[in-house]
Amino acid sequence: MDHVLIALKTNNAMSVEVDITPITFKKADYKTTMKGPASSQSDSSRNTYVLTLFTAITNIGDGVLKVALPVIATTLTQSPMLVSLVAMSMTLPWLLAALHVGVLVDRADRRRLLWAASIVRLGILTGLTLATLYGQLGLGVLLVGGLSLGMTDVLAQLSASALVPDAVDEGDREQTNAWMTGAETVCNEFVGPLIGGALIAIGTIYALTVGLGSYAGAGLVLCLLAGIASLNPRRPASQTSAHQQIAEGITYLWQNQVLRLMALTLPIMSASWAAWFALMPLYASQVMAIDASTYGFMVSALGVGGIMGAMLARPLNRLLGRKPVMLLDIVGTILLVGVPSISSQLWLIALGAFLGGLGGTLWAVNSRTISQQLVPSPLLGRYSSAARLLQWGAMPLGSLLAGGLAESFSIQFALGIFAALSCLLIVPFWKLFRHRE
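> Help me understand the overall build of the protein, please; the structure alone is not making it clear to me.
For the protein, the count of helices and strands is 15 helices and three strands. Across the 437 residues in the protein, those meeting the buried criterion constitute 58%. For the protein, long-range pairs separated by at least 24 residues make up 84% of all intrachain contacts whose partners lie at least 6 apart in sequence.

Given below as structure tokens:
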């Protein structure tokens, strides 16, 4: 029997059977209160388009800066550790602030939090642009800018994810998640890096300007959301402290075997991805001897794989089942970091990046749909913050470890270590999803 049936407990103590492998959640047994408050089907569809467009525009800026800031760092230092620190600064806030931001997301209007994140990003990039124009863009400024952008990214990602059940009807959420994940992957890992690599080769100021424009446009797109009043529900005033509310999110995650499995699988994979992004700028220049534009093209292979993942998520789930489809992300991560550890051939590394992007998108679509169906909307911000703390919090640690290993040994050795760690995930992942009597 291929199905995995897991008994879960919801807030109303009702038992739920979840068919994980073929992606079928038995809605007759699961009476959720997560029905989106969109006033009509047309509002729900419109919000799907708006959230997808917002995700696309925002991630163009994210993708440009993800490439630009570490590449800028390589012009200021040749130390793998210092370059890794710049890359790490953009993900460190997930480790430091994700849980408390999750409480904020559950207490406040998530749409307004997204506006606030866009405005703060504009201020940060304005500061980096002025520092560039006046010749003051040093490593210290880059680190502060990366940390600040990382903090706004925590707020924006948690708010956008939690906003989906508020703005989109339940029947539309799988499609919305697929589109948002596809837009995120295409723009963050394909369009953004491609533009960033090309612009950084011309001049730093151009890459920063594109980031400014993308965040300004994303804030304006949010004005198009339908059912504005319903997106700001009057949640009852909390009688518990922030730390107690954080504990509720962590407890909900830990007591649910499906959610716990997804959360515990991600730290090693996320650390591996962070190691790749931290080390590849120097690997590209020192080992592969390619320029910034070619590097951006290589990174964009991740986005091409992401496009395929967004297109194939639903048919592959129906054909293979959820377990093998999600396992593809582990395999893709192994190839992402494993290939450059043994070969410097551009096409092989790009192929590994393509397969990594494919698996990453398949995982993201499936995991978001599962969590939005299993987690009540008032708890979604805190649950997401706990899950993403494990996922994104591992990224600065991965960057730091990768930089240290590369500094002490070599870049290829560091990437090989992360490939080996990712291989260790296959057996426990498969065993935890096997049939339970």
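> Explain the packing of helix α10 (residues 292–320) against helix α12 (residues 346–374) to me, please; I cannot follow it from the model alone.
In a pair of packed helices, the angle between the axes and the distance between the axes together describe the arrangement. In contact at an axis separation of 6 Å, α10 and α12 are set at 40° when each is read in the N-to-C sense. The angle between α10 and α12 places the two elements in the oblique class. Note on packing geometry: the crossing formed by α10 with α12 is right-handed. The class makeup of the residues in the contact of α10 with α12 is 17 nonpolar, nine polar and no charged.

> Before we go on, may I ask you to explain the nonpolar core in this structure?
Counting 56 residues, the largest nonpolar core has Leu 125, Trp 276, Met 280, Tyr 295 and Leu 302 as its most contacted members. Take this core: its biggest share by element is ten residues, from helix α9 (residues 257–287). Judged by nonpolar contacts, the second largest core, of 53 residues, contains Val 164, Val 168, Tyr 252 and Ala 274.

> Got a minute to help me understand the packing of aromatic side chains in this structure?
To describe a pair of aromatic rings, you give the distance between the ring centres and the angle between the ring planes. In the structure shown here, the tally under the stated rule is three aromatic pairs. Note on Trp 276 and Phe 277: the rings are 5.2 Å apart at their centroids and 85° apart in plane angle, and the pair reads as edge-to-face. Each of the two residues, Trp 276 as well as Phe 277, counts as buried.

> Would you mind showing me how to read unusual backbone geometry here?
Phi is positive for Ala 289, close to 60°, though the residue is something other than glycine. With respect to the helices and strands, the residue Ala 289 is situated in the loop between α9 and α10. The exposure class of Ala 289 is exposed, given its relative accessible area of 62%.

> Help me out: how do you make sense of the pattern of salt bridges in this one?
For side chains bearing opposite charge, pairing can occur when the charged atoms are close. Counted under the stated rule, the structure contains nine salt bridges. For Arg 112, the salt bridge identified is with Asp 109, shortest N-O distance 3.7 Å. Here Arg 121 ties to Asp 153 by a salt bridge, and the two come within 3.3 Å at their closest N and O atoms. With a gap of 32 residues between them, Arg 121 in helix α4 (residues 110–133) and Asp 153 in helix α5 (residues 139–167) connect regions that are remote in the sequence. An identical accessibility class is assigned to Arg 121 and Asp 153; each is buried. Each of Asp 106, Arg 110, Asp 166, Glu 248 and Arg 382 takes part in a single network of salt bridges with overlapping partners.

> Is there a simple way to think about helix α13 (residues 377–408) in this case?
An α-helix turns once every 3.6 residues. As a result, residues three or four positions apart point the same way. Between its first and last C-alpha atoms α13 spans 46 Å; for 32 residues at 1.5 Å apiece the expected length is 46 Å, and the two agree. The largest bend in α13 is about 40°, located at Leu 389.

> Help me out: how do you make sense of the packing of helix α3 (residues 92–107) against α13 in this one?
Packing of α3 against α13 brings their axes to within 7 Å, and their N-to-C directions diverge by 175°. Judged by the angle between their axes, α3 and α13 are roughly antiparallel. Residue classes in the contact of α3 with α13 are distributed as 15 nonpolar, five polar and three charged.

> Teacher, can you tell me more about the environment of Asp 329 here?
Mapped onto the elements of the fold, Asp 329 is located in helix α11 (residues 322–342). Assessed through its relative accessible area of 5%, Asp 329 is described here as buried. Remark: the alpha-carbon pair of Asp 329 and Gly 357, spanning 28 residues in sequence, is separated by 8.3 Å. Not counting the four nearest positions on each side in its chain, Asp 329 is found in contact with Met 269, Gly 356, Gly 359, Gly 360 and Trp 363.

> Just to check I follow, could you spell out the environment of Leu 158 for this structure?
Residue placement: Leu 158 occurs in helix α5. Here Leu 158 falls in the buried class, since its relative accessible area comes to 0%. Not counting residues within four places of it along the chain, the set of residues in contact with Leu 158 comprises Trp 94, Ala 98, Val 101, Gly 102, Val 105, Ser 384, Ser 385 and Arg 388.

> I would appreciate a short explanation of helix α7 (residues 204–221) in the present structure.
Under the 1.5 Å per step criterion, the end-to-end length of α7 is 27 Å for 18 residues, consistent within 8% with the ideal 26 Å. Those residues of α7 that fall on the buried side of the exposure criterion are Ala 207, Leu 208, Gly 211, Leu 212, Ser 214, Tyr 215, Ala 218, Gly 219 and Val 221.

> I keep staring at the environment of Gly 296 and nothing clicks. Help me out?
Here Gly 296 lies in helix α10. Taking the relative accessible area as the measure of exposure, Gly 296 reaches 0% and is therefore buried. As a C-alpha pair, Gly 296 and Ile 195 span 101 residues in sequence and 7.4 Å in three-dimensional space. The contact partners of Gly 296, leaving out residues within four places of it in the chain, are Pro 193, Leu 194 and Gly 197.

Here is what the cut-offs are and how they apply
Residues numbered from 1 in each chain as written. Predicted model: local features only at pLDDT ≥ 70, side-chain atom pairs only at ≥ 80, totals over all residues. Heavy atoms only, no water. Helix = DSSP H or I, 4+ residues; strand = E, 2+ residues; numbered from the N terminus. Buried < 20%, exposed > 50% of the residue type's maximum accessible area, 1.4 Å probe, protein only. Contact = heavy atoms within 4.5 Å. Axes fitted to C-alpha atoms, helices over the stretch in contact; angles between N-to-C directions. Parallel < 35°, antiparallel > 145°, perpendicular 65-115°, else oblique. Left-handed = near helix turned anticlockwise from the far one by under 90°. Nonpolar A, V, L, I, M, F, W, Y, C, P; charged D, E, K, R; others polar. Core = buried A, V, L, I, M, F, W, Y, C linked by side-chain atoms within 4.5 Å. Phe/Tyr/Trp six-rings, centres within 6.5 Å; stacked < 30°, edge-to-face > 60°. Salt bridge = Lys/Arg side-chain N within 4 Å of Asp/Glu carboxyl O. Expected span 1.5 Å × (residues − 1). Bend = angle between axes of the 7 residues up to and from the residue.

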